[in-house]
Amino acid sequence: MKLKKMLAWLTAMAMIGTTALATACGSGDDASSSKTESSAAESKDAAADDAEAEDLAADDADAEESGSTDDETAAYAEALAGTLWLGMDAEYNCYAMGFNDEEIVFEADDGSSASGYWGVTAGDPTIYIFEDAELTNQIASIPWSYDMENGVMILNDNVIMAQADSYSFSDAATAMQQMATAAKVQEYLQGTYWVGTDDTSASAISMSSDTLEIIELSQDGTLDQGSFLWSMDYDTLNAYDENYNLLASFGWDISEDGSELQLTNDGESVVYTQVSEEDANAVVAYLYSVMGLEESAG
């Protein structure tokens, strides 16, 4: 018996007991006794009905919440099936994770790997890997968060994963090799400033282990600066805000001798070359000189 029903039942029984005591106190009026018993019975029925209505409402709310969770979990599963994700941490350790309808493969460039059957649950920040298709024998778990709207996956709170559109579930090993190349490029770019120009502006980029700094000076003297979270996979450099909302994606390519970095956005490419300036203020002054503008006092 559920707690609310039990409380209602005890209340009704207490009322009946009180009525019985009042009747046993010597009232000789049968009509009055009958009326009292009838009132107690009505109170009992009303209390039971109220308790049952509350239980039904609670059950409906639980079912609605469960249905919402199930729908979200199903959306996760549908979005992940048939995808491959690539990412790296601040130490340039690379990771690949691929999903098909039932199976998962996880690869790391340190030689570790895991494969099996996968399961996720909405509201639970964990990917579970199982030995069997019935998802009964768990062999591994990976902390994660997943933003379907922005297409961002984060592992262990420090690896931003981006979907590798040109690879499938079965290409994890090949994609890992491409990711290793990207890791070398990222390491090469750390702590350096690169400047590129087009017809309307000059811009500089710099990377640290967790932020991408972009400085842009337009022909009219407008200066824009921003720092963003970033991830780079085999062919894309992504910029995110502090909530991992995707702000921009750039195709990237670096020359064999490392002297030029080419970024492509919205079909337009800009070639960047490394400059000797070592801090943002010096880079801003350099951009003004490149554009032939006087640096504003403000």
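Residues numbered from 1 in each chain as written. Predicted model: local features only at pLDDT ≥ 70, side-chain atom pairs only at ≥ 80, totals over all residues. Heavy atoms only, no water.

**Details of the overall build of the chain**
Okay, step 1: Of regular secondary structure, the chain possesses four helices and 16 strands.
Okay, step 2: By the burial criterion, 35% of the 298 residues in the chain qualify as buried.
Okay, step 3: Restricting to contacts in the chain with at least 6 residues of sequence separation, those with at least 24 account for 44%. (Helix = DSSP H or I, 4+ residues; strand = E, 2+ residues; numbered from the N terminus. Buried < 20%, exposed > 50% of the residue type's maximum accessible area, 1.4 Å probe, protein only. Contact = heavy atoms within 4.5 Å.)

**A few points about the layout of surface pockets**
Okay, step 1: Computed from the structure, the largest pocket encloses a volume of approximately 460 Å³.
Okay, step 2: Contributions of two or more residues to the lining of the largest pocket are made by strand 9 (193-197), strand 10 (201-207), strand 11 (212-218), strand 12 (223-232), strand 14 (246-254), strand 15 (260-265) and strand 16 (268-275).
Okay, step 3: Classifying every residue of the lining of the largest pocket by side-chain character gives 12 nonpolar, nine polar and four charged.
Okay, step 4: Considered as a void within the structure, the second largest pocket measures approximately 230 Å³ in volume. (1 Å grid on protein atoms, 1.4 Å probe; cavity = no way out; pocket = protein on both sides within 12 Å on 5 of 7 lines; lining within 4 Å. Points joined across faces, edges and corners; volume = space filled by probe spheres on them. Nonpolar A, V, L, I, M, F, W, Y, C, P; charged D, E, K, R; others polar.)

**Details of the nonpolar core**
Okay, step 1: Met-232, Leu-237, Trp-252, Leu-261 and Leu-263 are the most contacted members of the largest nonpolar core, which totals 33 residues.
Okay, step 2: For this core, the element with the most residues is helix 3 (residues 172-189), which contributes eight residues.
Okay, step 3: Every residue in contact with Leu-261, bar those within four places of it in the chain, is listed here: Leu-189, Trp-194, Ile-205, Asp-253, Ile-254, Val-270, Val-271 and Tyr-272.
Okay, step 4: Leu-80, Met-97, Tyr-146 and Met-153 belong to the second-largest nonpolar core, a separate cluster that totals 21 residues. (Core = buried A, V, L, I, M, F, W, Y, C linked by side-chain atoms within 4.5 Å.)

**With respect to the side chain of Asp-132**
Okay, step 1: Structurally, Asp-132 is set in the loop between strand 5 (126-130) and strand 6 (138-147).
Okay, step 2: Owing to a relative accessible area of 17%, Asp-132 belongs among the buried residues under this scheme.
Okay, step 3: One polar contact links the side chain of Asp-132 to the main-chain amide nitrogen of Asn-137, over a distance of 2.9 Å.
Okay, step 4: With residues near it in sequence (within four places) discarded, Asp-132 still touches Tyr-117 and Asn-137. (Polar contact = N/O pair within 3.5 Å; in protein donor to acceptor, adjacent residues only side chain to side chain.)

**Concerning the sheet that holds strand 13 (residues 236-240)**
Okay, step 1: Reading around the circumference, 9-10-11-12-13-14-15-16 is the order of the eight strands in this closed barrel, with antiparallel pairing throughout. Neighbour-to-neighbour, the strand axes of this sheet turn through a mean angle of 35°, independent of strand direction.
Okay, step 2: Here strand 9 runs beside strand 16; their pairing, made up of three bridges, is antiparallel. Directly across from Tyr-193, in strand 16, lies its bridge partner Val-275. (Pairing = 2+ DSSP bridges. Axes fitted to C-alpha atoms, helices over the stretch in contact; angles between N-to-C directions.)

**Details of the environment of Val-105**
Okay, step 1: On the secondary structure map, Val-105 appears in strand 3 (residues 103-108).
Okay, step 2: Assessed through its relative accessible area of 14%, Val-105 is described here as buried.
Okay, step 3: For the pair Val-105 and Ser-170, spaced 65 residues apart in sequence, the C-alpha to C-alpha distance is 8.6 Å.
Okay, step 4: For Val-105, the contacting residues outside a window of four places in its chain are Ala-96, Met-97, Gly-98, Ala-114, Ser-115, Phe-169 and Ala-172.

**Some points on the sheet that holds strand 2 (residues 94-99)**
Okay, step 1: If you trace the eight strands once around the closed barrel, you get 1-2-3-4-5-6-7-8, paired in antiparallel fashion. Pairs of neighbouring strands in the sheet enclose a mean axial angle of 35°, with direction left out of account.
Okay, step 2: Of the strands in this sheet, strand 1 (84-88), strand 2 and strand 3 are in contact with helix 3, which crosses strand 1 at around 30°.

**Some details on the packing of aromatic side chains**
Okay, step 1: A complete count under the given rule lists eight aromatic pairs for this structure.
Okay, step 2: Between Tyr-76 and Tyr-146, the aromatic rings sit 5.8 Å apart at their centres with planes inclined by 50°, giving tilted as the arrangement. Note that Tyr-76 is positioned in helix 2 (residues 30-80) and Tyr-146 in strand 6, a separation of 70 residues in sequence.
Okay, step 3: Ring geometry for Tyr-95 and Phe-106: centres 6.1 Å apart, planes at 25°, overall stacked. (Phe/Tyr/Trp six-rings, centres within 6.5 Å; stacked < 30°, edge-to-face > 60°.)

**Remarks on the pairing of strand 11**
Okay, step 1: Relative to strand 11, strand 10 runs antiparallel, the two being bridged by seven bridges. Each bridged residue has a counterpart across the sheet, and for Ser-206 the counterpart in strand 11 is Glu-213.
Okay, step 2: Where strand 10 folds back onto strand 11 in an antiparallel hairpin, the turn is made up of four residues.
Okay, step 3: The pairing of strand 11 with strand 12 spans six bridges and is antiparallel.

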